Amino acid sequence: MRARVLAPVTAVTLLVAGVPTPATGAPAAPAARAAAVPCPRLPAPKVTRPPRPVPPASVPEQQVVGGEALAAPGLVTPPGATAPPAVTATTWLVADLDSGAVLGACGPHVYGTPASTQKLLLAATMLGRLDPNQVAVATRDDLDIEPGSSAVGLLVGGRYRVETLWLGLLLQSGNDAANMLARLGAGSARAGVGEMNAEARRLGALQTRAVTPSGLDGPGQFTSAYDLALIARACFADPRFGRYALTERAQIPAQPALKKGGFQIQNENQLIYRYPGALGGKTGFTELARHSYVGAAQRGGRRLVVTLLGAEARPVRGWQQGAQLLDWGFSLPRDASVGKLVEPGELDAATDEPPGDAPLAAAPAGGEPKPWRGPAGTALRRMADGDWQVIVPAAGLLALAVGGVAAVLAARTRTRRRGRRRA
């Protein structure tokens, strides 16, 4: 009896829920990631430096920004490409400023310490907010920088045009100019850092966290070669940045009220003097970060940018390593690519998109209302349409109901048998 009752239950349940069939053409389990290809490295002299800070834990979604190939911790180049030059930089990236194509990289999403290349993020954040002709007065807080670090030589109470501050920032890597520009753009240097981090997120530089406006080392301050390329691309999109970055010399004005004369500063980026087609960039160095570099150039109608972190100046200086990587990038075909630089706001737009299974929007007012079917009628209609959210629970309820009936019938049968045995 029990078998005769369970058989229909099983049949009904399978009929409603469906019989699973072997999958055909199902994708195989993802293969393990291939071993990282080591990057060509120049032997560098041993140096004494503070312990490297522990970077944040890697986030898989951030590792693949720009393309899955860019998640590689080692070398990634287009198929058939010649080997890139050996450098001392721990990570680097070469990309097309116009198309956004990434031509090659070494650990593009590996965390690094930016040093003064972080000043590019300040420029990307504040260039559009500040009037270059505005005259501002330097404060004592603006000059509160690490002793011995790079400075333009601003004076407390000195009056400077914003354009002069930008030149002091990009030519002389002035940390005093960085503090002042951050304050002018956001009300305080600290607020300016907050705006820089917001701009980094907008650009898609998710691995970048600024702690100081100048790039002077601070706890928890990181970036990546990929992020620096995004930031540099935003900078070079502004014609003012291109003009400042190519300026060879600038005059810091005299301050008659303070009885101080003016003086001249010179661009520290040797690329603009020694590399044909150079567009400029930014150098950086701290004992902790070592040498970092961002440089761009144009050749044959193409504009490329190179970013590198954690380099040593011997046997090849940072800007020279950048120049060699630019030469390698220009040697590749125009359609060569291993990924892309995301567009500003692209990642935010992808996050804001509604999920594919989001409920449909309500019908516009004035449309013909659908007839009300009641709960049972609606459920049957959804089952007929193949709605598994209704089919599966209904199958469960049906199985329970049939099981209950079977239990009652079985109990009655046992009662009758007991009665016959007693007689």
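Okay, so let's go over this structure. (Residues numbered from 1 in each chain as written. Predicted model: local features only at pLDDT ≥ 70, side-chain atom pairs only at ≥ 80, totals over all residues. Heavy atoms only, no water.)

Our next topic: the overall build of the protein. Of regular secondary structure, the protein possesses 13 helices and 11 strands. Counted over contacts in the protein with a minimum sequence separation of 6, partners at least 24 positions apart contribute 70%. Approximately 22400 Å² of the protein is accessible, and the part contributed by carbon and sulfur atoms is 58%. (Helix = DSSP H or I, 4+ residues; strand = E, 2+ residues; numbered from the N terminus. Contact = heavy atoms within 4.5 Å. Areas by Shrake-Rupley, 256 points an atom, 1.4 Å probe, with all protein chains shown as cover.)

Time to look at the pairing of strand 3 (residues 101-106). Across the six residues that make up strand 3, a large majority, six, are buried. Across two bridges, strand 1 (residues 75-76) lies against strand 3 in antiparallel orientation. Paired with Leu75 across the bridge in strand 3 is Cys106. Judged from the four bridges that link them, strand 2 (residues 91-96) and strand 3 form a sheet pairing that is antiparallel. Paired with Val94 across the bridge in strand 3 is Gly104. (Buried < 20%, exposed > 50% of the residue type's maximum accessible area, 1.4 Å probe, protein only. Pairing = 2+ DSSP bridges.)

Moving on to the pattern of salt bridges. Taken as a whole and judged by the stated rule, the model has 13 salt bridges. One salt bridge in this structure joins Glu312 and Arg290, with 2.9 Å as the shortest N-O distance. One end of the pair, Glu312, is in the loop between strand 10 (302-311) and helix 10 (318-331); the other, Arg290, is in strand 9 (residues 290-299), with 22 residues separating them in the sequence. You can call Arg290 buried: its relative accessible area is 6%. Sharing partners across several salt bridges, the network here consists of Arg161, Glu163 and Arg243. (Salt bridge = Lys/Arg side-chain N within 4 Å of Asp/Glu carboxyl O.)

If you walk through the whole model with that rule in mind, you get one disulfide. The side chain of Cys39 participates in a disulfide bridge whose partner is Cys106; the two sulfur atoms lie 2.0 Å from each other. Handedness of the Cys39-Cys106 disulfide follows from its S-S torsion of about 105 degrees: it is right-handed. Here the residue Cys39 occupies a position in the loop between helix 1 (2-17) and helix 2 (60-63), and Cys106 occupies one in strand 3, the gap between them amounting to 67 residues. As far as the burial class goes, Cys39 and Cys106 line up, both buried. (Disulfide = S-S within 2.5 Å.)

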